[in-house]
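As a plain string of letters, each chain reads:
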Amino acid sequence: MQRNIGLLGLTFIAISGILGSGWLFAPLLAAQAAGPSALIAWAIGGIAILLLAATFAEIAAILPVAGGIGRVPHFSHGSVVSMAMGWTAWIGYNTTATIEVEAVLRYSKSLAPWLYSDAGHLSTAGLGVACILLAVFTVFNAFGVKLFARINTALTWIKILVPGLLAVVILTSEFRFTNFSEYGGFAPEGLKGILSAISTGGVIFALIGFRHIIDMAGEARNPKVNVPLALVISLVVCLVIYGALQLAFLGALSDNELKNGWPQLHFSGELGPMAALATAVGALWIVSILDTSARISSFASGLVSVGSNARLGLAMAQNGLFPKFIETLSARGVPLFSLIVNFVVAALFFVLLPFKEVIALNTSSIVMSFIVGPVAVLAFRHLLPDAKRAFVLPAAPITGCLAFIVATLIIYWSGWDTMLHLGLCLAAGFVLMLYRNWQGGFDSLDWREAAWLVPFLAGIVLLSWLGSFGGGSGIIPVGPDIPIVAVLATGVYVFAVRLRLNKEKFERYMAEEKMDEQMEYGSNGDGRPV
């Protein structure tokens, strides 16, 4: 592998993941859930994700490994935890590629109506085009990380400029202050509306695109400095863009559009509410730009997800869940077999699952992997006490615990229906783990270090069923459920930190990692010939 991604390239990888295909619709979804208080939802979501990202920033500075989301827990809590976290993230990343390809095609429907059947599903020809587009993502990534980063950087400039320009145009053309006080007031749905906007309104799931930096850290130049900087810069930039889009959307709505209240807010058309508002204020010139920008946004996000997931597949092979041949690197330092396997899996999702099920699986599988950062950061304080840290998480025991509570709340807010998908996903991964270790025996698996997953999963499943989100029974109302989830998360967090790897196991795994790095990067550690 080659460390060819600089600070700008690394930052734009995250921005491309965060400003995905949904930025044209995110303001509508958040406003339907919370009305004008959607602005508070973005602020809370931003702080929560920054807190979570800060834990990964310290980890990536001392362990910049490829496929970090799946690989990092191997060094803090061993094989079982790393397989579970990596598996769920891998499933989520593959569905991301499928979703972004479908988004490109949906935005192209007006140009090529034959892509879809009358029922609104991809036609046979559409499925063929979708697979070709997936293949294009795969080929671009196969040419090496330098080309991948250059293409993504060029596309991401467009993804930054167009939403920013759209927000400015709408804000300066039409703004109704009465929208923030009438139609139920500033927070028509109260606290539940704000929390729903954060979860089902898409706030959190827009912002977790920062994860791609963690997975690409193994190919970053000067990762101990560039990874933490890229995490912070990308999140701040995207929060400003999303906040401006949300503010512009809320202020530009007419009385007619709000006459039935915020939950009934609706816009038709392939380009969604932002294009409709731009048309309403007379900015037709930017609507034509949005048509192309929407396709570029989805294309760039798909490109990043495919590249990131190739590194995650590599990590899963190193963890022992996937066959060893997936670790093989091409002459360009790319995990080519991982790319090919991921291409096949992502293509199968078009055929095997309805699009709504693919989205649900994407949501449920990715959120689980984020509990790793807060636990691992404190574990490494014990296992690597003398390691130089370019970024140090302040008050790590407290901040880490708060970040773990945030990660647990994100999973809880996903709702009971999402937990069902997550349970099926974890069950499939568990069966695969048992199969992969059947011949070699189960003694090599780190069961003790994974014991904290049992009360965590049992607790979050029970609370999701008792809660009021996503098909829950509603026995626990919104508000009191937050401290209950926090108590569960705090107890599990303390338990998980205590169950970290012992020093002997840790040093053995680190020695194995150093051998892998010498094979991947060469003896000088930068991926260039010595």
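To be clear, the structure that these remarks concern was listed above.
In this text, all values refer to a predicted model and were calculated from it rather than measured experimentally. (Residues numbered from 1 in each chain as written. Predicted model: local features only at pLDDT ≥ 70, side-chain atom pairs only at ≥ 80, totals over all residues. Heavy atoms only, no water.)

Chemist: Tell me about the overall build of the protein, residues and numbers included.
Modeler: What the protein contains, in helices and strands, is 20 helices and zero strands. On C-alpha atoms alone, the protein measures out to a radius of gyration of 22 Å, which is about the 24 Å that the 2.2 N^0.38 rule sets for 530 residues. Each of the three principal axes of the protein carries a C-alpha extent, and together these read 65 × 50 × 40 Å. Expressed as a percentage of its 530 residues, the buried residues of the protein come to 60%. For the protein, long-range pairs separated by at least 24 residues make up 83% of all intrachain contacts whose partners lie at least 6 apart in sequence. Total accessible area computed for the protein in this model is approximately 19,800 Å², and 68% of it derives from carbon and sulfur atoms. Across the protein, the mean location of the 30 positive side-chain charges is 6 Å away from that of the 29 negative side-chain charges. (Helix = DSSP H or I, 4+ residues; strand = E, 2+ residues; numbered from the N terminus. Rg over C-alpha atoms; globule rule 2.2 N^0.38 Å. Buried < 20%, exposed > 50% of the residue type's maximum accessible area, 1.4 Å probe, protein only. Contact = heavy atoms within 4.5 Å. Areas by Shrake-Rupley, 256 points an atom, 1.4 Å probe, with all protein chains shown as cover. Lys, Arg positive; Asp, Glu negative; His and termini not counted. Charge placed at Lys NZ, Arg CZ, Asp CG, Glu CD.)

Chemist: Go over the nonpolar core, please, and point to the residues and values.
Modeler: Among the nonpolar cores identified, the biggest contains 186 residues, and I371 and F380 are the most heavily contacted of them. The element best represented in this core is helix α4 (residues 68-107), accounting for 20 residues. (Core = buried A, V, L, I, M, F, W, Y, C linked by side-chain atoms within 4.5 Å.)

Chemist: Tell me about helix α17 (residues 416-436), residues and numbers included.
Modeler: With 21 residues, α17 extends 30 Å from end C-alpha to end C-alpha; this agrees with the ideal 30 Å at 1.5 Å per step. Residues of α17 that are buried include every one of T418, M419, H421, L422, C425, L426, G429 and M433, and no others. Taken around the axis of α17, the buried residues stretch over an arc of 160 degrees, which confines them to a single face. Relative to its buried face, α17 has exposed residues pointing more than 90 degrees away, namely L424, V431 and Y435. (Expected span 1.5 Å × (residues − 1). Arc of directions from axis to C-beta.)

Chemist: Tell me what's going on with unusual backbone geometry, and back it up with residues and numbers.
Modeler: A negative phi angle characterises most non-glycine residues, just as the trans form characterises most peptide bonds. Positive phi, close to 45 degrees, is recorded for A395, a residue that is not glycine. When you line up the elements, A395 lands in the loop between α15 (372-383) and α16 (396-413).

Chemist: Mind laying out the packing of aromatic side chains, listing which residues take part and the relevant values?
Modeler: One pass over the full model with this rule turns up 14 aromatic pairs. Centroid distance F12 to W157: 4.9 Å. Interplanar angle 80 degrees. Geometry classified as edge-to-face. Of the two residues, F12 sits in helix α1 (residues 7-18) while W157 sits in helix α6 (residues 145-173), which places them 145 residues apart along the sequence. Residue classification places W157 among the partly exposed residues on the basis of a relative accessible area of 43%. (Phe/Tyr/Trp six-rings, centres within 6.5 Å; stacked < 30°, edge-to-face > 60°.)

Chemist: Explain the environment of V169 to me, and be specific about the residues and the numbers.
Modeler: Within the fold, V169 resides in helix α6. Distance in space between the C-alpha atoms of V169 and I286 is 8.6 Å, their sequence separation being 117 residues. Among all residues touching V169, those that are not within four sequence positions of it are A283, W285 and I286.

Chemist: Could you give an account of the pattern of salt bridges, naming the residues involved and the relevant values?
Modeler: The tally for this structure, following the rule as stated, stands at six salt bridges. Put simply, R381 and E58 hold a salt bridge, and the shortest N to O gap is 2.7 Å. Of this pair, R381 sits in helix α15 while E58 is found in helix α3 (residues 38-62), placing the two residues 323 residues apart along the sequence. Owing to a relative accessible area of 25%, R381 belongs among the partly exposed residues under this scheme. Given the relative accessible area of 1%, E58 is considered buried. When the shortest N-O distance is used, the salt bridge between E102 and R106 registers 3.0 Å. With E102 and R106 both in helix α4, this residue pair falls four residues apart, about one helical turn. Exposure remark for R106: the relative accessible area of 28% places this residue in the partly exposed category. Linked by salt bridges that have partners in common, D446, R448, E449 and K505 make up one network. (Salt bridge = Lys/Arg side-chain N within 4 Å of Asp/Glu carboxyl O.)

Chemist: Quick one: what's the story with the side chain of N226, residue by residue and with numbers?
Modeler: Counting through the fold element by element, N226 comes out in helix α10 (residues 223-252). Classification of N226 by relative accessible area gives buried; the value is 11%. Setting aside anything within four residues of it in sequence, one finds N226 in contact with G6, L7, L10 and R221.

Everything listed here is a matter of coordinates, which is why it stays silent on function.
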